[in-house]
Every structure is written in structure tokens, then in C-alpha cells.
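Residue-level structure breakdown
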Amino acid sequence: MQIPLSWLKELVDIDVPAEVLADRMTKAGIETTLTYIGVPQQHIPGIQMPPSDHLVWDRERIKLGRILEVKPHPDADRLVLAIVDYGADEPEQCVTGAPNLFEYKGIGPLEAPLWTVIALEGAEVWDGHSDTPKRMILKGRPLRGIYNKSMVCSEKELGISDEHEGVILMHDDPGKPVGTPLQDVFGDVVLTVELTPNLARCYSVTGVAREISALLDKPLRMPSTHVMMAGPDISQSVKILIEDADLNPRFTAMLLMGTTIQPSPEWLQRRLKLIGQRPINNIVDVTNYVMFESGQPLHAFDYDKLVERAGGIPTIITRRARPGETVETLDGQLRKLTTDNELVCDTAGPLALAGVMGGAETEISDGTTNVLLESANWHFINVRRTMQQHKIATEASIRFSRGVHQAQAEIGVRRGIELMRQLGGGTVSSGVMDVVAKPAPRIAVTLYESEIKRLTGMAVGIKQAANILVRLQFDVTLRADSLVAVVPDHRTDISDDPVIGQADLIEEIARIIGLDNLPTTLMDETLPEQWSNVPLEREEHTRDVLVALGLQENITHRFSTPEAEALLIPRGAAGRPGLNVPAGADYVRIANPIQPDKTVLRHSLLPNILNAVRSNLRHTSHQAVFEIGSVYFRVAGQQLPDEPSRLAIVLAGPRQPDHFSRQAAPSADFFDLKGIVEGLLRGLHISAWSLKAQGGPSLHPGRSAAITIDGSVAGHFGELHPLVARAFGLPADVPVMVGEFDLERIQNAVNPLYGTAPVPTTPPVYEDIALVVRDSVPAGDLHAVIEQSGGDLLRSARLFDVYTGSSVPQGHKSLAFSLVYQAEDRTLSDAEVAAVRKKIVKAAQKAFDAQLRG
Amino acid sequence: MLEKLESVYQQAQAELTEIRDSAALAAWKSRYIGGKGAVSQLLRGIGGLTPEERPVFGKRANEVMAALDEAYAAREVLVQDIEMAADLEGAALDVTLPGRQPAMGRLHPSTQTLRRFSEIWAEMGFSVYRSRDVETDEMNFTLLNFPPHHPARDMQDTFYTTDPDVILRTHTSAGQIRAMRELGGGGTKPIRVVLPGMCYRFEQITNRSEAQFYQVEGIAVGHNITMSDLKGTVAEFARKMYSPDAKVRYRASYFPFTEPSMEIDIECFLCGGEGCSVCKHTGWLEIAGSGMIHPVVLRNGGYDPAEWSGFAFGMGPERIAMLKHGITDIRNFWANDSRFLEQF
Ligand SMILES: [Zn+2]
């Protein structure tokens with residue numbers, strides 16, 4: 001909301017610079033920024049403000065003037081000579097082409113006063129003809145033969161608005177003598193306040209002035225609510241019927257007869273423009289003005305149209321809409337209503353969407369002479385729902401939907417009808433039609449001094465607390481160690497619950513004192529019991545191991561689409577995307593997706609990370625990345641989905657970065673990925689795991705594996721199926737290795753109490769053996785047999801060569817192992833080593849028909 | 001034979017003095033004193049000598065072998081010296097050529113920031129509690145004092161799911177009630193936890209806003225916890241996170257689940273409070289929203305607000321990383337461009 005400082009100053013004495021005021025308000029919870037009109041920005045030590053590049057009106061050279069006469073230019077039809085009195089001995093002659101001066105051209109000295117703004121030679125103004133903001137200094141020069149060194153200004157040239165169709169002309173007395181520096185006439189600072197939902201009471205000039213009054217401890221001057229009433233009693237002219245007291249606790253109305261619709265006076269128009277409203281006519285302008293002044297929205301009906309509809313004395317009925325009912329609102333829209341919508345009606349049907357927007361049929365027109373002014377109170381949540389349902393936000397509904405106290409209704413109607421009378425003439429009917437269907441509760445909160453200390457940590461005396469609350473217009477009764485505060489009738493945010501009500505008051509006290517003034521302490525409490533978060537620790541350890549293995553962590557969006565996930569399954573293949581997806585699990589579907597590629601929460605980490613890898617491969621050949629994060633399974637019978645954690649790993653491109661000294665490294669393959677998986681399991685001290693060939697439909701059937709821990713699948717990894725790679729738009733010439741793992745299953749297998757072996761002190765014996773087996777024998781199985789049959793004396797067996805070729809039989813391969821024999825307590829003899837080797841060869845022979853080679 | 005031996009001996013000695021590199025030295029060794037060398041060859045021919053000649057020849061052959069071994073050892077030391085000198089004086093590397101880069105792994109910047117957060121809060125006695133992403137409307141809003149349809153709900157644009165009352169959490173505060181109920185022993189035990197996690201807002205994805213972001217919520221509930229403690233605790237965090245002399249400012253604010261509420265700013269560390277584009281010329285950077293836990297929320301967590309009090313605060317690691325490292329586009333965080341990530 002925008003509020004001119006000049007308006008605030010009518011309601012409260014502000015004896016600090018605007019910058020200090022904005023700073024105090026911001027710290028008290030009302031975020032305030034400043035816009036300057038003509039006056040300089042002040043630099044206050046300790047307060048940083050964004051530098052403003054507005055035009056500061058030169059006090060000596062930009063002044064209030066009065067046009068005495070408009071003479072024709074002897075040599076130019078499109079120019080005139082404005083003779084301007086600006087308080088100097090001699091009037092100034094300005095050559096100007098302002099179109100709005102032409103009606104005065106050549107009619108001799110003006111009889112009615114016509115005020116304007118004059119800028120004298122040397123003054124800085126905005127260039128009115130420039131499309132982009134550009135400053136210029138007025139210099140004397142001849143204009144079509146007549147020397148000119150000054151000008152009458154448009155609003156644009158002064159930086160008030162973009163208006164440059166004509167110069168500023170005023171018929172109403174601006175209240176200052178000619179020659180007054182313009183800064184002292186229209187110079188102003190406009191406060192833009194950001195209001196959080198708890199500050200409903202501040203949606204008006206009075207509301208903000210009230211806060212300032214409390215902050216600066218200056219009295220508040222409320223606008224008068226006196227009304228000159230001379231007409232017959234209003235009860236003879238209108239009746240009011242409220243059907244639903246919850247939705248419409250109060251309805252007030254007053255009647256103005258015989259008024260004239262005309263433009264508002266200039267001061268009111270200027271003020272409306274400053275707060276961002278467009279002046280329309282005196283009646284509509286007053287409803288806006290009073291709403292901004294008091295916070296109470298008003299609605300003006302053309303009374304005669306009501307009478308016409310009713311065929312006599314109208315009855316205003318407020319009620320819920322009936323199913324299928326419609327109303328045409330002021331914006332020309334025909335609104336289809338539901339029973340949740342509250343309406344203002346008469347006996348002939350709906351007139352307005354209550355608290356949100358008036359109806360077209362009974363609105364004020366140029367011919368209106370009798371005005372019925374409505375000032376009602378509506379339930380804030382109902383108004384908010386109607387706004388959302390019909391997607392309309394009006395100044396009135398914004399206020400009602402945040403909560404307006406019903407006491408404001410009478411203040412608004414009185415203030416409004418009197419201003420209308422003053423501006424348009426006419427007679428106000430006697431009395432206020434005032435129906436209170438549901439009175440507002442009177443809330444009194446008892447606040448204990450000890451409670452202030454308990455919550456803020458600051459000792460605030462009960463008298464100081466009382467003083468602050470009085471400044472905020474609470475009605476306070478002081479006791480020894482407590483006070484009773486009756487909530488003023490503009491607030492709807494103080495609870496009648498004793499504990500909550502106290503907290504509400506303490507918040508007020510703390511923010512008026514200023515949070516910077518509270519002590520700064522550390523908790524003086526025994527430390528609550530500490531506990532370790534094992535899953536988190538293991539997750540972080542997993543990250544560390546993967547980083548040590550050379551992988552870059554990725555974090556992708558957790559949104560996806562079923563279609564994007566379906567790309568993981570090659571066309572024609574069975575299976576569903578994701579790992580360990582519970583049977584029947586569905587997606588968590590977003591009801592209001594922000595983008596078409598974010599309609600569900602993911603089942604798999606792979607689609608998003610593969611997309612990231614694809615983008616990266618456009619500029620970087622080596623990719624080795626992982627992501628740890630949740631997937632989401634909507635499971636029947638549960639309100640909330642399962643959110644298990646997954647780990648994804650992707651490798652693509654050369655396994656080593658390029659270097660001038662060597663040939664480009666080959667692309668990462670299955671064994672690079674397997675090495676990382678093994679490294680991870682080793683790093684986590686997981687030993688009980690096994691692999692089986694083929695890792696699911698997304699992977700190459702011959703170059704993938706599934707990993708099993710404790711009998712359940714904990715992940716699958718391998719080369720991405722070429723059809724899947726193609727579906728994700730990955731380059732065909734770079735094999736992509738992917739893995740997805742069930743993090744819980746992996747973490748549950750971590751043994752934090754893993755054992756260690758002593759470092760051996762005896763010499764090892766090294767020996768290589770090569771065994772020839774059929775091609776179908778898995779190397780891992782042979783390795784297991786070697787390790788098992790080697791017993792305690794075989795310290796390790798490492799496969800170092802796989803050979804097929806002329807020296808082994810067709811359909812066979814030679815697997816060569818490097819063996820290390822070692823006893824913990826002695827040096828092994830040749831005979832002991834030979835015996836172990838014999839056992840190994842025999843076991844391999846028995847298990848796989850293996851033959852010792854060479 | 002003996003003459004032959006002497007001549008071999010002469011020749012070997014003569015050759016040895018010319019040798020200046022280890023390859024030639026090794027060749028010399030195998031030619032003369034190796035198992036198949038000239039001296040051994042001659043020794044093998046000893047059978048062709050007369051019994052009288054044999055001991056004489058054998059003795060002399062062994063003397064020659066020993067002498068050559070000794071000469072070899074001496075020459076070896078010399079050759080090594082010569083070679084080392086040549087190596088040290090030889091062609092130097094162009095040290096400005098690029099090094100071989102090992103494939104290096106890194107943590108995502110958000111993880112790095114989250115870890116730093118958890119570390120600092122752990123030092124102050126806060127354990128980590130992780131809550132869920134998909135939440136009930138009740139946990140995310142109603143129990144946190146956002147009644148249904150309350151205007152405060154306008155502050156957070158929400159992702160709804162097709163299941164009624166199931167939403168994506170808009171803030172980690174959604175885990176507050178769960179933490180209090182799970183750890184508070186039915187309102188009998190004090191707690192101190194931080195809740196890190198991914199949050200979601202229905203916001204257009206631009207350089208300034210994302211549909212998902214990390215948040216870290218912290219809560220402390222006890223018998224004797226005050227707003228002054230909140231100030232001191234967050235100031236301590238700021239000193240550890242930013243700099244030992246970080247200046248902190250407190251502004252009143254509004255969150256439905258805290259009362260009184262405050263925003264916490266630190267003096268802009270980029271301009272030292274002088275005003276710059278990052279702090280929008282205010283000299284201050286917003287780092288946390290906070291406040292005393294609202295009595296309604298304490299009650300919903302199982303605590304009697306007349307007896308217990310507590311504070312809560314929330315902060316965003318992405319925002320803090322952006323401020324610290326001059327990141328101007330928040331979309332970088334989930335785009336995973338390696339050219340962005342490798343800078344952390
Ligand atoms: Zn700055």
C-alpha cells in the first residue's frame with residue numbers, strides 16, 4: 001500500500017525524517033520503502049537506504065505560479081506566451097506549446113485564478129519529450145523569435161507522473177502564495193508498506209498513522225465522523241435484512257438525497273493519484289478515499305434504481321447465493337455463484353458480490369442524484385474463498401479478506417456520507433441504518449509482568465507495558481504485577497485465550513520497544529538429551545566414499561512425469577521404472593504442476609540425472625556423478641506415500657581426463673562402474689553381498705548385474721540399454737554406465753563394528769597359477785572356490801589375466817590368478833605351499849573341471 | 001690357457017676403464033665375469049689341462065675373477081656418479097605443461113552448506129531430525145496455526161497432490177509438530193533439533209525463485225527459553241557461519257507459527273554495510289526468519305505453553321551459498337551443469 005507522508009501528518013505529528021520513520025516502521029514489522037516527490041533524500045547516519053534518482057525540485061527555481069494571461073505567439077500558431085506571476089516584481093513570460101493553455105489564448109487577463117508550476121532558468125527538470133528518463137537544465141534561447149528562459153511544467157517534467165499532454169493547471173487554491181517553492185506545496189514522500197497478514201488493521205492511512213503514533217509516542221488525530229443530517233429519518237427509505245449473521249455480522253447504510261455527480265476537487269484527485277487510484281467522480285472517489293483513509297470499504301448504490309427495482313421502499317437483503325444464481329459485477333463479468341458466495345440483494349435479486357465487487361445494474365452514473373451508501377462487515381475467510389473462487393482481487397476484498405473490525409462500519413459510513421455531501425451537495429437523511437446481527441466480542445486480556453520476562457528475557461515493568469499498550473489504543477487497567485487490556489475496536493488479531501492473548505500482547509510490547517533493545521543471551525538450560533541420527537550419518541558417509549571414488553554429487557528436481565520415467569523401459573520390454581517399487585504403487589500426482597515436465601514425484605532418480613548428464617556431455621566428455629535422494633511411492637491404504645532413499649550413479653566418457661602425455665583413455669565400462677560399487681561397499685564395510693548377471697530391463701542384458709544383500713535386491717547397475725540411451729537422447733558412441741541402489745538396504749548392512757586383521761610380520765610367498773575352464777564358468781565362482789579351498793594359508797587371490805586363443809581348447813578360457821600364501825606365525829616351506837596349491841587345483845577341477853595350464 | 005687367461009684379463013681391464021654407462025657395464029659384466037662370461041668359459045676348459053697345470057690355472061683364474069669383480073664394483077660406483085651427473089645436468093621438463101588431473105569428486109554446494117549448518121548447530125546442542133517431504137495439510141498448515149482458508153496461507157504458494165489434504169511441504173516447519181510429539185515425551189522433555197530438508201513452492205522457476213529448495217528449521221523447547229536466547233543463539237550461528245564479528249539486526253515480522261516473530265539480518269559482508277546491489281543498498285542481508293514458538297503450536301506439539309516456551313528459526317542454504325559465492329541464478333543448483341558444480 002502507498003501512503004503519502006503529507007496525509008499521515010494530518011493524523012499524527014511526525015517529528016523525525018522520513019528515513020528514520022521508515023527504519024523504525026521496518027524494525028517494528030511494517031516493511032517500509034520510500035519514494036520521493038520533489039524533496040531531497042536525507043542521509044541519516046546508521047540508516048542505509050537505496051539511493052534515489054528522483055528529481056529534487058530546486059527551491060529557488062521551481063515555484064508555484066499563477067497564469068495571468070495567455071497571449072498568442074506573433075509568429076507561431078502552435079506556441080503561446082503564458083504570463084506567469086511567481087512572486088517576483090515582474091511576471092515571467094513563458095513560451096509554450098502546452099495544448100491545455102490554448103483555450104485561454106487571446107482572451108485577455110484571466111478573471112478566475114489559474115495556478116501552475118513554473119521552472120526558471122537554470123532549473124533541472126526531466127525532459128518531457130524523451131521516452132527514457134533524461135534530465136535537462138533550462139537555458140535561455142529564442143523560440144521562434146521570442147527569447148524564453150523558463151517554462152510552465154507538466155507532471156512528467158517534474159517527475160510526478162508520466163502525464164505530458166499539457167502543463168499543470170489548477171483552479172482550486174493550493175493554499176500557498178505564489179512564489180512558494182514547489183517543494184513546500186507538493187513536495188512529499190510516499191511510503192510503500194508491505195503488510196503481512198497479521199497487519200490487517202494497517203490497510204489504511206489511519207491504521208498506519210496509529211502505528212506511527214505508538215512508535216513515536218505522539219497522539220493520533222482521528223478524522224471527524226460528524227455528519228450534518230437534515231433529511232427525514234432513513235428508516236422510512238430503506239430496510240435491511242441479514243440472513244446469515246456469521247457471514248455478515250453488521251450492515252450499516254446512510255442516504256444522501258439530491259446530490260450532484262461531478263469531478264472531485266483537485267486536492268482529492270491529487271491524493272488519490274498519490275495512492276495509485278484513478279479519480280472518477282465525487283461519489284466513487286469518496287468511497288475510495290474513505291476506504292484508504294479508514295480501512296473500511298464502502299459501496300455506493302444509485303438509490304433510485306433500488307426504488308425502481310423494488311417498486312417502492314427497497315429492502316436490502318444479505319444472504320448466501322442460491323444454487324445456479326448469477327450476478328453481473330462492475331467489471332462486466334457474469335458470475336456464476338455457489339452457496340458459499342455471500343450476496344447483497346434486494347427483493348428483485350442480487351445487487352453485489354458482498355465485500356468483493358458491486359453489481360453493474362445499480363452502480364453510480366452521471367445522472368445519479370440520490371446515493372445509498374453501504375458500509376458493512378463480512379466474514380474474512382468467506383470473502384477470501386469467494387475471491388479465490390472467482391479470481392477477483394479488489395481493494396475492498398483485499399481488506400475484508402484480511403479482517404476488518406465491525407466497529408469500522410459505522411465510522412466509514414459517517415465519514416463517507418459527510419464527504420459526499422460536502423463535495424456534491426444534497427441532504428443526508430437522519431440516522432444510520434445499523435443492523436448488528438452478531439456483535440463483536442469484547443476481549444480483555446490479563447497480562448502478568450512475569451510472563452513478559454518469561455518470553456522475552458527482558459524485564460519490562462508493568463507500567464512500561466501499560467504505557468505501550470495505551471499508545472496502541474488498548475484500554476488498560478493497571479494492577480500490582482499485572483494489567484488488564486481491553487482490545488481496541490480496530491483489531492481482530494488478539495486472542496481471548498489467556499495464554500495466547502498474553503503472547504499477542506507481548507509481541508506488541510516487544511516490537512514497540514524494538515527487538516534490537518532486547519538482551520542477547522544464550523540458553524540457560526540443561527542440554528536436552530543428544531542422539532545420533534544413524535541413517536543420516538551413514539548417508540553422509542556414503543557421500544564421502546563416493547566423492548573419494550572421484551564422483552561429483554548432483555541434486556536434481558524430485559519432480560518428473562510418468563512418460564519421462566517410462567523411457568527407462570525399452571519398447572516391448574516388461575517391467576516398471578524404478579528399483580524395489582512396491583507392488584501396486586502409484587505416483588504422487590501434483591494437482592497444480594508448475595511445468596509440464598513436473599507432474600508427479602519420481603519413482604527413480606535416473607531420468608533427471610540422465611538428462612543432466614546428456615546436457616553435460618555437450619560440453620564435457622568425462623561424467624562421473626551420483627545423487628542421493630528420495631523417491632515417492634503412493635501406496636494404497638496409506639494417506640502419505642513411502643519416501644525411501646535411493647542412490648544413483650552415472651559414468652560416461654573417458655575414465656580419465658585427457659592429458660597431452662598419453663592417448664585418450666578408453667570410455668568407462670562395466671568394470672569401472674563395478675569398481676566404484678565395490679569401492680563403495682568396501683568403504684562402508686559391507687562384505688555380505690553377491691551379484692547375479694542381468695540388472696533389469698533398463699540395462700544391457702549382457703553387461704549388467706543385480707546386487708543382493710541379505711537375500712534382497714539392493715541395486716542394479718551396468719551399461720544402459722542402447723534403446724534407453726537412445727530414448728534419453730544420449731550419444732550413441734559413448735556407452736553410459738548407470739546404477740540405482742536402495743540406500744536403506746545398503747545402509748542396514750553396514751557393520752560399524754567391523755574387525756581388522758593384524759599386519760603380517762612373516763614373509764609372503766607369491767605364485768601365479770592359470771586355470772583353464774569352459775567359457776560359461778563365471779570367474780567370480782572360480783575365485784570363490786580358490787579362496788575357499790586355499791584355507792587360512794592363502795592370504796589373497798587376484799585375477800590378473802583372462803585369455804582365450806590358440807593355446808587353450810575351443811570354448812575354453814584361461815583365468816590366471818596371482819596367489820599370496822602366508823602364515824601368521826612362521827615362514828612357509830615349499831612343501832606347505834605345494835600342498836595348498838594342490839588342494840586349490842583339485843577343488844577347481846572338481847567344481848569346474850578346471851585344468852592347470854602350462 | 002694361462003696366456004689366454006692373462007690376455008682376457010688385460011683386455012677386460014682395458015675395456016672397463018672406457019665404460020661410462022650402465023648398459024655397457026652390464027654387457028661387460030656378462031662378457032667377462034657372468035656365468036657364461038669369458039673367465040667362466042676358460043674355467044670350464046680346465047679339464048683339458050694336465051693335473052699339474054690345473055691348480056695353477058685354477059688359482060690364477062680365481063685371482064683374475066676376484067680382481068675383475070672388484071674392478072667392476074669400483075667402476076659401477078663411478079658409472080652411477082657419471083649417469084646421475086648427466087641426469088641432473090640433462091634436459092629439464094617444461095614445468096608449465098599441464099598436470100595430469102585425477103578424476104576428482106565433490107559434494108554439491110547445497111550439501112556442503114547443509115553440513116556446515118548441521119555442524120554449527122550440533123556444537124550448540126541441536127540434533128538433526130529429518131521429516132518427510134509429502135505432508136498432510138494439517139502438519140504443514142493447520143497445526144502450525146494456519147487455519148484452513150486463513151489469509152496467512154497466501155504467504156506460501158502450495159503444491160497440492162491429487163489426494164485431498166496431501167501436499168508437498170512448503171517449509172521444514174512442517175516437521176515441527178512431528179519432532180515435538182516424537183521427542184518431547186508428551187510435553188515433558190526439552191528438545192533441541194534442526195530439521196533440514198527439501199521444500200516446495202508453487203513458484204515460477206526463474207533466476208530468483210525455484211519450485212524446490214532446501215530449508216533448515218531449528219527448534220528449541222524448554223522451561224526457560226526466551227526471545228533474548230533466540231537472538232543470542234542465532235547471533236552465535238552467524239558468527240560461526242560468516243565471520244567472528246558479523247553484525248546482526250533484528251526486525252519484527254510475522255509467521256503464523258511464531259509469536260513474537262522476527263527476521264534476522266546480518267550486515268552485508270560484501271559491502272561491509274555500505275550498501276551494494278546484493279543487499280539492495282540496505283547494508284543488510286536477510287538470513288533467517290524466526291520467533292518464539294506460538295502457544296497454539298506448542299499445544300499441538302503436546303506442551304503446555306504456560307509452562308514451556310521455545311523458539312524456532314528457518315534458513316535457506318541455497319540463498320546463503322548464493323550470497324557467499326556471488327551466484328546470481330538459483331536455477332544453477334538443480335541444473336547440475338558440471339561447469340557450475342566443479343567450482344565448489
Ligand atoms: Zn551490500
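Everything numeric in this text was worked out from a predicted model, so none of it was measured.

Comments concerning a nonpolar patch on the surface
All names here are of chain B. Taken together, F269, L270 and V278 make up a surface patch of nonpolar side chains, about 240 Å² in accessible area. Looking at the secondary structure, you find V278 in the loop between β7 (258-267) and β8 (284-293). What makes V278 partly exposed here is its relative accessible area of 39%.

Concerning the pairing of strand β28 (residues 482-486) of chain A
Look at any regular strand and the pattern is simple: side chains alternate between the two faces of the sheet. All names here are of chain A. Counting buried positions over the 5 residues of β28 gives 5, a clear majority of the element. Side chains S482, V484 and V486 of β28 all project onto a buried face; the interleaved residues L483 and A485 project onto the opposite face, where all are buried too. Pairing analysis gives 5 bridges linking strand β26 (residues 444-448) to β28, with the strands arranged antiparallel. The residue bridging Y448 from the neighbouring strand is S482, located in β28. By the bridge criterion, 4 bridges tie strand β27 (residues 475-478) to β28 in an arrangement that is antiparallel. Counterpart to L478 in the pairing with β28 is L483. Counting the residues that bridge the hairpin from β27 to β28 gives 3 residues.

Brief notes about the domain arrangement of chain B
On domain assignment, one finds that chain B holds domain 1 (2-90) and domain 2 (109-341). Of note, the centres of domain 1 of chain B and domain 2 of chain B, computed from C-alpha atoms alone, are 84 Å apart.

Here we look at unusual backbone geometry
Leaving glycine out, the prevailing phi sign among residues is negative, and the prevailing peptide bond configuration is trans. In the segment running from E259 of chain B into P260 of chain B, the intervening peptide bond is cis, with an omega of -5°. Mapped onto the fold, P260 of chain B is located in strand β7. Phi is positive for Q694 of chain A, close to 75°, though the residue is something other than glycine. Within the fold, Q694 of chain A resides in the loop between β34 (689-693) and β35 (699-709). Look at H281 of chain B: it is not a glycine, yet its phi comes out positive at around 65°. Tracing the backbone through its elements, the reader meets H281 of chain B in the loop between β7 and β8. When its relative accessible area of 30% is taken as the criterion, H281 of chain B is described as partly exposed.

A closer look at helix α10 (residues 317-325) of chain B
Residue and element names in this part refer to chain B. Among the residues of α10, those classed as buried are P317, E318, I320, A321, M322 and L323. Taken together, the buried residues of α10 touch α5 (109-123), β5 (212-222), α8 (227-241), β8, β9 (309-315) and α11 (332-335). Phi for G326, located one or two positions after α10, is positive at around 65°.

Description of the sheet that holds strand β12 (residues 188-194) of chain A
Two pairing modes exist for strands in a sheet, parallel and antiparallel, and in both the strands are linked by backbone hydrogen bonds. Residue and element names in this part refer to chain A. Ordered by their spatial adjacency, 3 strands build an open sheet running β1-β12-β2, and the pairing between neighbours is antiparallel. Two strands lie at the open edges of the sheet, namely β1 (2-4) and β2 (31-37), each paired on one side alone. Each adjacent strand pair in this sheet contributes to an overall mean axis angle of 25°, direction not counted. Note that β1 and β12 share 3 bridges and pair antiparallel. Considered in β12, the bridge of P4 is made with V190. Contacting β2 and β12, helix α2 (residues 18-27) crosses the sheet at an angle of about 160° to β2.

Focus on the sheet that holds strand β37 (residues 736-742) of chain A
Residues and elements named next belong to chain A. Ordered in space as β29-β32-β33-β37-β36-β35-β34, the 7 strands form an open sheet in which the pairing is mixed. Lying at the two open borders of the sheet, with one neighbouring strand each, are β29 (552-553) and β34. Inspection of the sheet shows β29 paired to strand β32 (residues 623-630) by 2 bridges, in the parallel sense. Counted as the bridge partner of Q552 is V625 from β32. Against the sheet, helix α15 (residues 534-548) touches β29, β32 and β33 (645-652), its axis set at about 175° to β32.

Looking at the interface of chain A and chain B
Many structure descriptions define interface size as the accessible area lost when the parts assemble. At the interface, 97 residues of chain A touch 111 residues of chain B. Three residues stand out in chain A for area buried against chain B, namely M523, I555 and I594 of chain A, and they jointly supply 9% of the buried area on that side. Where chain A packs against chain B, one counts 9 salt bridges. When contributions to the side of chain A that touches chain B are tallied by element, the ones reaching two or more residues are α2, α9 (380-390), α12 (449-456), α14 (498-513), α15, β29 and α17 (606-617) of chain A. At 8 residues, the largest contribution of residues to the side of chain A that touches chain B is made by α14 of chain A. Across the side of chain A that touches chain B, the residue classes tally to 40 nonpolar, 30 polar and 27 charged.

Examining the environment of A92 of chain B
Position of A92 of chain B among the secondary structure elements: in the loop between α4 (53-89) and α5. For the pair A92 of chain B and I46 of chain B, spaced 46 residues apart in sequence, the C-alpha to C-alpha distance is 53 Å.

Focus on the coordination of the zinc ion
All names here are of chain B. Looking at the metal site, the zinc ion is ligated by C268 (SG), C271 (SG), C276 (SG) and C279 (SG), spaced 2.2 to 2.3 Å from it. Every donor counted, the 4 donor atoms about the zinc ion form angles of 101 to 114° at the centre, which fits tetrahedral coordination. Counting gaps between the donor residues of the zinc ion yields the pattern C-x2-C-x4-C-x2-C. Of this pair, C268 sits in the loop between β7 and β8 while C279 is found in the loop between β7 and β8, placing the two residues 11 residues apart along the sequence. Neither residue differs from the other here; C268 and C279 are each classed as buried.

Remarks on the environment of F186 of chain A
Residues and elements named next belong to chain A. By the element assignment, F186 lies in helix α4 (residues 183-186). For F186 and L64, which are 122 residues apart along the polypeptide, the C-alpha to C-alpha distance reads 9.4 Å. If we ignore the near neighbours within four places in the chain, the residues touching F186 are I37, W57, M170, P174 and R270.

Considerations on the pattern of salt bridges
The tally for this structure, following the rule as stated, stands at 75 salt bridges over all chains. Close ionic contact of R511 of chain A with E211 of chain A constitutes a salt bridge, the shortest N to O distance being 2.7 Å. Placement of R511 of chain A in helix α14 and of E211 of chain A in helix α5 (residues 205-216) is noted, with a sequence separation of 300 residues between them. Both residues of the pair, R511 of chain A and E211 of chain A, belong to the buried class. Note that R320 of chain A is salt-bridged to D340 of chain A, the shortest N-O span being 3.9 Å. Residue R320 of chain A is found in strand β17 (residues 315-320), and its partner D340 of chain A is found in the loop between β19 (334-336) and β20 (342-346); the two are separated by 20 residues along the sequence. Residue D340 of chain A is classed as partly exposed on the basis of its relative accessible area of 36%. One connected set of salt bridges, linked through shared partners, spans E539, E540, R543, D544 and E553 of chain A together with R115 and R130 of chain B.

What counts, and at which threshold
Residues numbered from 1 in each chain as written. Chains lettered and ligands numbered in written order. Predicted model: local features only at pLDDT ≥ 70, side-chain atom pairs only at ≥ 80, totals over all residues. Heavy atoms only, no water. Patch = residues over 30% accessible without salt bridge, like charges linked within 9 Å, V, L, I, M, F, W, Y side chains within 5 Å. Areas by Shrake-Rupley, 256 points an atom, 1.4 Å probe, with all protein chains shown as cover. Salt bridge = Lys/Arg side-chain N within 4 Å of Asp/Glu carboxyl O. Helix = DSSP H or I, 4+ residues; strand = E, 2+ residues; numbered from the N terminus. Buried < 20%, exposed > 50% of the residue type's maximum accessible area, 1.4 Å probe, protein only. Pairing = 2+ DSSP bridges. Domains from an automatic or database assignment. Contact = heavy atoms within 4.5 Å. Axes fitted to C-alpha atoms, helices over the stretch in contact; angles between N-to-C directions. Buried area = accessible area lost by both parts, 1.4 Å probe. Nonpolar A, V, L, I, M, F, W, Y, C, P; charged D, E, K, R; others polar. Donors = N, O, S within 2.8 Å, 3.2 Å for Na, K, Ca; no water. Tetrahedral: all angles 85-135°; square planar, octahedral: opposite > 155°, others 65-115°.

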